[in-house]
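Structure assessment
So you can see what is in the structure, the chains are spelled out below.
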Amino acid sequence: MNGTIQAPSIEYALLAPLLVVFGAAIVGVLVEAFAPRYLRSAIHLPLTLLSLAGAFALAVWQAIKGVPTKPAAMGAVAVDGPALFIWGTILILAFVSVLLIKDEEHFVGSAAAVPGSAEEEQSLVERAAHTEVYPLLLFAVGGMLLFPAANDLLVAFVALEVMSLPLYLLCGLARRRRLLSQEAAVKYFLLGAFSSAFFLYGTALLYGYAGSVDLAKINQALGSVGGQDTLLYIGAAMLGVGLLFKIGAAPFQAWKPDVYQGSPTPITALMASGTLVAAFGALLRVFWVGLGGLDWDWRPVFYGVAILTMVVGAILAITQTDIKRMLAYSSIAHGGFLLIGVIATGHTQAENTSALSGLLFYLVAYGFTTVGAFAVVTMVRDAGGEAWHLSRWAGLGKRSPLLAGTFAFFLLAFAGIPLTSGFFGKYAVFQAAVANGATPLVIIGVVASAIAAFFYVRVIVLMFFSDPAADGPSVVLPSRGTAAVVGIAALATVVLGVYPQPVLDLAHTAAQSLFVR
Amino acid sequence: MPWLSTLMGVSVLGALGVTLVRNDKLAKQFTLVVSLIVLALTVAMAVQFSPNGDKFQFAETYDWIPQFGVHYGVAVDGIALVLILLSAILVPIVVLASWHDAEAGKRSVRTYFSLLLVLEAMMIGVFAATDVFLFYVFFEAMLIPMYFMIGSYGGAQRSYAAVKFLLYSLFGGLLMLVAVIALYTIAGKGTFMFSDLVGTIQDVTTQKWLFLGFFIAFAIKAPLWPFHTWLPDAAAQAPAGAAVLLVGVLDKVGTYGMLRFCLELFPDAAKFFTPLVITLSVIGIVYGAIVAIGQTDMKRLIAYTSVSHFGFIAMGVFAMTTSAGSGATLYMVNHGFSTGALFLIAGFLIYRRGSQFIADYGGVQKVAPILAGTFLVAGLSSLSLPGLSTFVSEFMVLTGTYQRYVVPAVIATVGVILAAIYILWMYQRTMNGPTAESVKSLPDLNAREKWVVAPLVALLLVFGFYPKPLLDVINPAVKDTLSSVSVTDPKPAVPVAQEGQ
Amino acid sequence: MELYVPIVVLAVLAAGFAVFSVSIAPFTGPKRWNRAKLDAYECGIEPTPQPVGGGRFPLKYMITAMLFIVFDIEIIFLYPWAVAFDKLGVFGLVEMVLFIVTVLVAYAYVWRRRGLDWD
Amino acid sequence: MNNPGPTLSDFGHDPLWISIIKAIAIFVFLMLGVLMGVWTERKLISRMQHRYGPNRAGKFGLLQTVADGLKMGLKEDIMPRTVDKVIYFLAPVIIAVPAFLAFSVVPFGPMVWMFGHKTPLQLTDLPVAVLLVLATASIGVYGIVLAGWGSRSPYAILGGLRSSAQVVSYEIAMGLSFVAVFLQAGTLSTSEIVAKQASGGTWDIFGLSIPAPSWYVVSLIPSFLIYAITMLGETNRVPFDLPEGEGELVGGFHTEYASSLKFAMFMLAEYVNVFTVSAMAITLFFGGWRAPWPISLWDGANTGWWPMLWFFIKLVIAFGFFVWVRASLPRVRYDQLMAFGWKVLIPVNLAWILLAATFKALRMPEADRAIILTIGAVVIIGAFAIWLRFDTVNQRRREAKAAAIEEEFEQLREEPVAGGFPVPPLDAPHYHGVVPAARLNSDAAKEVTSGSN
Amino acid sequence: MTTHYLVLSALLFAIGGVGVLVRRNAIVVFMCVELMLNACNLAFVTFARQNGNLDGQLIAFFVMIVAAAEVVIGLAIIVTIFRTRRSASVDDVSLLKY
């Protein structure tokens, strides 16, 4: 009660990318409030893109300047190599997704209007759209940036929510198939909130165990605090539940197909890429920086989860008849492959570096490919919006060979065929796992890949080897944004598949510093 | 001059060029020209190859992905050289043969020929790769163009066949990937260069596991019994040209891989598994032949003969004698020509009549004598008639195996007899006898088709009487390979070069 | 803890009184049954039939409730800040300006989008 | 100046029986206060309206309220058929109990000797005493909502929702108006806040030391003004007594509590709440139990039991203020009420808080004045800019609306069907949404009309 | 002493968790989630007492904000779907099925 409280020191320069994104989000809200309707979109788009690009530039500048060895903001946010790499990845992916969102055809004019009502029709006629999408997206991206960099569990929790809450809303904003979209939003929200409650209770228990929510202090406490193992184990398990949910790992994968299907496709693209990247970053940080000393206990669990995730993702994907659901299950399966990378981390510096860099590379590769795939999905349309049912995709290869070819290429990348980015991603992760003695897991992973390949190939078969339906969907002329997204994604998939070295180097450098504690 | 890169580069550029050409006819001609250029370059390279020089020649090595220790490393030894030569020869022939294939289904002609050239580049790459990882990349990537060729341009069941082909190969490939990774990790050399990896794995148990990883992939690719079930489907549904490349070249990657990687990288495991492989081979020889007899579909029949032939090749590889090894390598080349000829001529026949079923034919000899005659030559080469090149290789394999494994060699001989049955019976049913109503108006081979068949028949005959140039190239390489497995022949090898004359 | 005991005492007292009053009410008064008397009061007209769950009410109220939550939370942060202002000094002031400005941004949005209008 | 009064550390030492005595005293004080308060109000308001007011029961009608209370107890207890019985029963309890509780932290006086114990004239104090007051107020809202909800009648529900919306809206402004006080006092404990108002220190200007006003009402006048308004809104008193707007909603949330002691509870709670907010106003802004200026010159004014008198006088004056307002002001419209709370009180309050904080920071010894002044300037300019902007926007909107209405009238005048009169269309559906086909035919799901909101 | 609070918190959390899993009304499910968050708060505050530092209480503030934000967004979503379907039962939310 005496003396002044020491003002915390905050390294604003280090946090600059975050601040830029959040700042732009707030400006976006102001634009929503004060700009006239017809101007909003014209202001939002450059604002959003510039802020993302600016944040990216700042992140790059920091990486060049040298990675700090101490967590910033009083130990709350760790801006280390992996964090910077993940930031860069998320920012690029978000940038690309924004180009997709730009096509406002995807978003409802008035979210509050009851589907089928007069207001709804009016908003459709007016071609009005919720321009709130942009600030919401920026907030979500800000959360995504903060989540993997959070160096204490409280910040992680807040970031988790900042990331998720806008996404819950964005999920419900699809212009077409409103009911489906709203349903997705409700499901995502209820399950997401449920899982974050688990995360929070885990945080509480670990706080009770270690007396701090700081990851480094928790790790220290692992060695020094005794007799409270119940708290520790239950807490760690609950944290794991919360994080694995966000990743969509089995048995917490149930939300993913529903949400991916119902959401507006650009949002799905963002979730499938950005959220996954962020969640893996956070998972790694929490389990390595915070619970690294406990790895003998959580590693077997992750082993099981990884196997289950891969198998569930791969097998259930086969039964899907909806392209977005199929991609969702594919995302689940890829989550499983990525978990192999998490397990592959080990105790020696070299093991960690190779596993981490592999994981980072995989995230980049997968992120781009998946954004591209969803971008293609937005372009194949029926009278009622995007054509999701697989049967509608039959013969697309004849109607629009370029588009179908690109999509097939993305699918091959998902399947991990060499000379695509997906191959090196998988390879990097598998190699790290074998090096760390997780060969059985890799074998299961390989089998799952083979199963997964089946449903990717099936889509290719459908597109190229089947005859087109008479009243098949039309491929819309892509807007410049969408075309750019598909182009960028395809380019990334090729380049990372043929000459991955620069990105691998970058990932390696980023991983070398490991996590600051 | 970076011969191998040039070969691949020309093919790839050609493939790109084909997609840019707007006119279908021009595209075909362009493809033919490109493939002939590649052939010319390959021959030029082959001429410069000195059989008694370094084991690997025309080597090029660049870092590709240093972080994984992956190089872009290409070079050829005798074995690879002849297989590359085989590919380079078959491609222009296939181009010529497939002149009208793509048009049948109203599908993009340019894409087909573009895929063909891409495939050629990859075939050259896969044989030339001296980096295990690069080999794997080509091994897997090769599937995709072939997949599209089967799936888009094949017969009625094409998509089923294509998917089956792809998934089988992919599955094998992924198992191999695990083995590749494990090899890299266990060797701990930080490089994937083949030459650096040879002899690094000493532990026999490890060798066995890794061997299995590689071997299953190759066995599926080869295809060895019991991994062969995809082949009849794929070969039967593929367009004739693609089938030639599939059976003639792509499947050789399997046996080539066994010879190059399974033996040299895991010598102890190879020795351990030899009985098993030989057994499988022998079963394959006999099984393939018996099943072939029972086929009613010409292309399936030819596919099953290949299963039988691949049994011989695998047996030759694992017999681990110079004679058998050289024979097996030679067999790969000869089989490419002979099966290629069979598929192509059968393809011409099917194109004319519109049916693959043997029962729909009869007495073709009378209406189309040249077609029937060349078909007979090709068929006889398949049953290894002395005087045709396949005889030389089959004989070498059998004698080579006999030196070490008597019983299998004897049983395999049964395959030769069965071969006579299936080929001659098929010939009899289709070409002899009363002319079926439906084939009465079949035209004989036209000029283009004659140009397709002529080189193949010529090659079969030439190498049947004078295989020495090939053997000169192959022998040192095989010896070298076997010596790195530290196997010596049980008794001095018969001077096989004279055997065939 | 002892600080709270007196509150409990007062609470018990008040609750006892309230419960007593409310429960005694039915017994102190007369009972004269009348059908109309037991209907919900609606200025003498036939009462509206009630759906289960109490019926629906305008969303405006919910929006107000949400806004209340948001601002109440803001107050939660203002109190400790105000109490500790002397110790926080200029840093605290700067932070609070930033905080309030951020909240005001949302506030301005709600205002401009007619979230605060009742008509 | 002398005897700043008890602080937090003086609490928590009472034996239980002292606490019980104090609690009973508060309870009795409040019950009597309500009896007298009702009478006072009726009497005062009738005087202001040139009437006599109650003058039959007892001297000056003093027993009028007692009689009313007895009557209520003896009336029939009606429990309408539609109500949710449990909630209907609980609501009066929930609304009454917290009303009393808030008084547990109101300081009545300094330390006194009570049956041989030295104890403060206050039931208890907490480090977060003011929060307790706000918390009890919030719980009271539950009573309102539940009363409305449990009654299951449109009037009651709407009344309940309205009053809770109103109460929560004004609660924010009220909560914000406290912030400046805490900023000055540096504590949330009521006794300490009172102690802090003992002396205001001095301002040194031009070598003169001017004694600063010790009551926060002087230094924090904007806060007090806001509080004064919000306390009217918070207690649903005129001019903010919309829940009971007879013309629109009959009795608001307690429409169904027509008679008997259940209704008495609502009435009781309302008056106790009035006392509570008055007591808080006194505590936070008027120096609590401290004697006002001329009396405070007497040394003994702030010692012993005397302060209770000062407190009581202040309370009566505050209550008088309520009555005065009731007699003077008409009831506002609901949208005006909400708009005033949200659009005026809250932003003004926030701006004022920042300004007050800036002033305070300026007086800190080691503070960087440039930064503070910048912040102050930003706050002021920002506030003005926003206000101007909104003002013009609102102006424009009002004009546009007036024009639109004018236009509509023009149009209606020309329409022969409506007879030149604005008649709403008769087939207007209650809901603009779609009714699912399955529901269209089932009577069970017939909806309540939304009425007016 | 603090154990009781922890047990209570665990119980609340469990009640919330079970509620989420078994209740069908979206709003009730949502309330259960909020209950879980508040159980967390109780645990935090208890541990703060037990550990003798204020972090836990501080965290409780943040959790409250997050919970508030969640309420706002959750209710918005649920009300939207409620308006559409005239039902808040999660069983009716079944367009998206496996």
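Taking an unreviewed UniProt entry as the reference, chain D is identified by name as NADH-quinone oxidoreductase subunit H belonging to Microbispora hainanensis. In UniProt, chain D has this text filed under Sequence similarities (unreviewed entry): "Belongs to the complex I subunit 1 family." For chain D, the Subunit (unreviewed entry) comment in UniProt is given as "NDH-1 is composed of 14 different subunits. Subunits NuoA, H, J, K, L, M, N constitute the membrane sector of the complex."

An unreviewed UniProt entry annotates chain C as NADH-quinone oxidoreductase subunit A originating from Microbispora catharanthi. Taken directly from UniProt, the Sequence similarities (unreviewed entry) text for chain C runs: "Belongs to the complex I subunit 3 family." In its Subunit (unreviewed entry) section, UniProt records this for chain C: "NDH-1 is composed of 14 different subunits. Subunits NuoA, H, J, K, L, M, N constitute the membrane sector of the complex."

Moving on, we come to the overall build of chain D. Per the secondary structure count, chain D includes 15 helices and four strands. A burial count over chain D gives 50% of its 453 residues as buried. Partitioning the intrachain contacts of chain D with sequence separation of at least 6 by distance along the chain shows that 75% fall at a separation of at least 24.

Turning our attention to the interface of chain E and chain C. It is common to report an interface's size as the accessible area lost on association of the parts. Each partner contributes residues to the interface: chain E has 12 residues there, and chain C has 10 residues. At the boundary of chain E with chain C, total buried surface from both sides reaches about 1100 Å², with 87% on carbon and sulfur atoms. The three residues of chain E that bury the most area against chain C are Phe61, Ile65 and Val72 of chain E, which together make up 38% of that side's buried surface. Summed over the shared surface of chain E and chain C, the result is zero salt bridges. The interface formed by chain E and chain C contains zero residue pairs in polar contact (both at pLDDT 80 or more). The residue makeup of the side of chain E that touches chain C, split by class, is 10 nonpolar, no polar and two charged.

On the chain C side, the residues contacting the 99 residues of chain D number 73 residues. Taking both partners together, chain D and chain C bury about 7900 Å²; carbon and sulfur atoms supply 75% of that area. In this assembly, chain D and chain C are joined by one salt bridge. Here Lys360 of chain D makes a salt bridge to Asp86 of chain C, at a shortest N to O gap of 2.9 Å. Applying the counting criterion to the chain D and chain C interface returns five residue pairs in polar contact (both at pLDDT 80 or more). Every element with two or more residues in the side of chain D that touches chain C is listed here: helix 1 (16-48), helix 2 (64-74), helix 3 (85-101), helix 4 (129-151), helix 5 (154-185), helix 10 (260-285), helix 13 (334-362) and helix 14 (369-414) of chain D. If you tally residues by element for the side of chain D that touches chain C, the top one is helix 5 of chain D, at 17 residues. For the side of chain D that touches chain C, the residue count by class is 64 nonpolar, 16 polar and 19 charged.

Take the side chain of Ser195 of chain A next. By the secondary structure assignment, Ser195 of chain A is in helix 7 (residues 178-210). Ser195 of chain A sits in the buried class, given a relative accessible area of 3%.

Turning to the packing of helix 13 (residues 323-344) of chain A against helix 18 (residues 439-465) of chain A, a few remarks are in order. Residues and elements named next belong to chain A. Between helix 13 and helix 18, the shortest axis-to-axis distance is 11 Å and the interhelical angle comes to 160°. One way to sum up the angle between helix 13 and helix 18 is to call them roughly antiparallel. Crossing hand, helix 13 versus helix 18: left-handed. Together, Ile323, Met326, Ser330, His334, Phe337, Ile340 and Ile343 of helix 13 and Leu441, Gly445, Ala448, Ser449, Phe455, Tyr456 and Val459 of helix 18 make up the contact between the two elements.

Moving on: unusual backbone geometry. With the exception of glycine, the majority of residues adopt a negative phi angle, and the majority of peptide bonds are in the trans configuration. Residue Ala250 of chain A is joined to Pro251 of chain A through a cis peptide bond whose omega torsion reads 5°. Tracing the chain through its elements places Pro251 of chain A in the loop between helix 9 (229-247) and helix 10 (255-262). Even without being glycine, Phe115 of chain D reaches a positive phi, approximately 50°. Looking at where Phe115 of chain D falls in the secondary structure, it is placed in the loop between strand 1 (109-114) and strand 2 (117-121).

Right, let's get into the pattern of salt bridges. If you walk through the whole model with that rule in mind, you get 21 salt bridges over all chains. One salt bridge connects Asp14 of chain D with Lys22 of chain D, and the closest N-O pair in it is separated by 2.8 Å. Take Lys22 of chain D: its relative accessible area is 6%, and that puts it in the buried class. Because the salt bridges share partners, they merge into one network encompassing Glu32, Arg40 and Glu132 of chain A together with Arg113 of chain C.

Now for the packing of aromatic side chains. Between two aromatic rings, the relevant description is the distance of the centres plus the angle of the planes. Summed over all chains, the structure comprises 96 aromatic pairs over all chains. Ring geometry for Phe218 of chain B against Phe261 of chain B: centres 6.4 Å apart, planes inclined by 25°, an arrangement best described as stacked. Linking Phe218 of chain B in helix 10 (residues 204-221) with Phe261 of chain B in helix 12 (residues 240-265), this pair joins segments that are 43 residues apart in sequence. Among the residues examined, Phe218 of chain B registers a relative accessible area of 0% and is labelled buried. Judged by its relative accessible area of 1%, Phe261 of chain B falls in the buried class. The rings of Phe56, Phe127, Phe135, Phe139, Phe194, Phe214, Phe218, Tyr256, Phe261 and Phe266 of chain B are connected pair by pair, giving a single aromatic cluster. The positively charged end of Lys65 of chain A is found above the aromatic ring belonging to Trp61 of chain A, 4.4 Å away from the centroid.

What follows covers helix 7 of chain A. Helix length check: helix 7 of chain A, at 33 residues, gives a terminal C-alpha distance of 47 Å against a target of 48 Å (1.5 Å per residue), a fit within 8%. For helix 7 of chain A, a buried count of 30 out of 33 residues is recorded, marking the element as mostly surrounded by other parts of the structure.

Linking two cysteines covalently through their sulfur atoms gives a disulfide. All names here are of chain E. According to the stated counting rule, one finds zero disulfides over all chains in the structure shown. Free of any disulfide, Cys40 has its nearest neighbouring cysteine sulfur in Cys32, separated by 14 Å. Residue Cys40 is classed as buried on the basis of its relative accessible area of 0%.

Let us now look at the nonpolar core. Across soluble globular proteins, nonpolar side chains have a tendency to be buried as a group. Judged by nonpolar contacts, the single largest core of 452 residues is most densely connected at Tyr147, Phe214 and Phe318 of chain B. Beyond its immediate chain neighbours, meaning those up to four positions away, Tyr147 of chain B contacts Val457, Ile460, Val461 and Phe465 of chain A together with Ala162, Val163, Phe165 and Leu166 of chain B. In this structure, Phe27, Val34, Trp215 and Leu350 of chain D belong to the second largest nonpolar core, which totals 141 residues.

So, on to the pairing of strand 2 (residues 70-76) of chain B. Residues and elements named next belong to chain B. Burial within strand 2 is extensive, with six of its seven residues counted as buried. With six bridges connecting them, strand 1 (residues 57-65) and strand 2 associate as antiparallel partners. Following the sheet pairing, Asp63 is matched in strand 2 by His71. As consecutive antiparallel partners, strand 1 and strand 2 are separated by four residues, and within that stretch Gly69 has a phi angle of approximately 70°, a positive value.

Our next topic: the arrangement of the chains. For this structure, the chain pair with the highest number of contacts among seven pairs of chains in contact is chains C and D. As for chain D relative to chain B, no contact occurs, and the smallest C-alpha gap between them is 45 Å.

It is worth spelling out the environment of Ser449 of chain A at this point. With respect to the helices and strands, the residue Ser449 of chain A is situated in helix 18. Taking the C-alpha atoms as reference points, Ser449 of chain A and His334 of chain A, 115 residues apart in sequence, are found 9.0 Å from one another. Aside from chain neighbours lying at most four places away, what touches Ser449 of chain A is Phe337, Lys426 and Phe430 of chain A together with Leu174 of chain B.

Residue and element names in this part refer to chain D. Examined bridge by bridge, strand 1 and strand 2 share five bridges and lie antiparallel to one another. Following the sheet pairing, Met114 is matched in strand 2 by His117. Turn length for the strand 1-strand 2 hairpin, with the two strands adjacent in sequence and antiparallel, is two residues, and the turn residue Phe115 shows positive phi of about 50°.

We now examine the UniProt feature "transmembrane region" (unreviewed entry) in chain C. Residues and elements named next belong to chain C. Look at the UniProt record and you will see "transmembrane region" (unreviewed entry) annotated at residues 6-27, 61-82 and 88-110. Between the C-alpha atoms that bound residues 61-82 the distance is 31 Å, and the span itself is 100% helix and 0% strand. Between the first and last C-alpha atoms of residues 88-110 the distance is 31 Å; the span itself is 100% helix and 0% strand.

On to the environment of Glu74 of chain C, then. Within the secondary structure layout, Glu74 of chain C lies in helix 2 (residues 59-83). The exposure class assigned to Glu74 of chain C is buried, which follows from its relative accessible area of 2%. On a C-alpha basis, the gap between Glu74 of chain C and Gly92 of chain C in space is 15 Å, while along the polypeptide they are 18 residues apart. Setting aside residues no more than four positions away along its own chain, Glu74 of chain C makes contact with Phe99, Ile100 and Val103 of chain C together with Leu350 of chain D.

Below, the discussion takes up the sheet that holds strand 3 (residues 474-475) of chain A. The sheet built from three strands is open, its strands ordered 2-1-3 (chain A) with antiparallel pairing. For this open sheet the edge positions go to strand 2 (385-386) and strand 3 of chain A, each flanked by a neighbour on one side alone.

How each quantity is defined
- Starting from 1, residues in each chain are numbered consecutively following that chain's sequence as written.
- Just so you know, chain letters begin at A and ligand numbers begin at 1, following the order they were written in.
- With pLDDT at 70 or above as the cut-off, local features in this predicted model cover only qualifying residues; side-chain atom pairs require 80 or more to be listed or tallied, and sums for whole chains, interfaces and linings still use all residues.
- To get the side-chain values, take all heavy atoms of the structure and skip hydrogens and water.
- UniProt positions are given in the numbering used here, feature names are shortened, and annotations may be inferred rather than shown by experiment.
- Numbering of helices and strands starts at the N terminus; helices are DSSP runs of H or I of at least 4 residues and strands are runs of E of at least 2.
- Buried, partly exposed and exposed residues are distinguished by accessible area as a fraction of the type maximum, computed with a 1.4 Å probe on protein chains only: under 20%, between the cut-offs, and over 50%, respectively.
- The contact rule is simple, with two residues in contact once any of their heavy atoms fall within 4.5 Å.
- Two parts placed together each lose some accessible area; with a 1.4 Å probe, that loss summed over both constitutes the buried area.
- What makes a salt bridge here is a side-chain nitrogen of Lys or Arg within 4 Å of a carboxyl oxygen of Asp or Glu, nothing more.
- For the purposes of these results, a polar contact is taken to be a pair of N or O atoms within 3.5 Å, where, inside protein, one atom must be able to donate a hydrogen and its partner to accept one; residues adjacent in sequence count only when each atom of the pair is a side-chain atom.
- Classes in brief: Ala, Val, Leu, Ile, Met, Phe, Trp, Tyr, Cys and Pro nonpolar; Asp, Glu, Lys and Arg charged; the others, Gly included, polar.
- Between N-to-C directions, angles span 0 to 180 degrees; the directions come from axes that are lines fitted to C-alpha atoms, helices contributing only their stretch in contact.
- Each angle gets one of four labels, with under 35 degrees taken as roughly parallel, over 145 as roughly antiparallel, 65 to 115 as roughly perpendicular, and the rest as oblique.
- By definition, any crossing whose near helix is turned counterclockwise from its far helix by less than a right angle is left-handed, and any crossing with a clockwise turn is right-handed.
- Each Phe, Tyr or Trp ring, with Trp reduced to its six-membered ring, pairs with another whose centre is within 6.5 Å; inter-plane angles below 30 degrees give stacked pairs, above 60 give edge-to-face pairs, and intermediate values give tilted ones.
- Distance and angle both matter: a charge sits over a ring if NZ of Lys or CZ of Arg is within 6 Å of the ring centre and within 35 degrees of the ring normal.
- By this rule, a helix spans an expected 1.5 Å times one less than how many residues it contains.
- The rule for a disulfide is simple: a pair of cysteine sulfur atoms within 2.5 Å.
- Nine residue types can take part in a nonpolar core, namely buried Ala, Val, Leu, Ile, Met, Phe, Trp, Tyr and Cys, and a core is a set of them joined through side-chain atoms within 4.5 Å.
- Pairing between strands is defined by DSSP: at least two bridges between them are needed.

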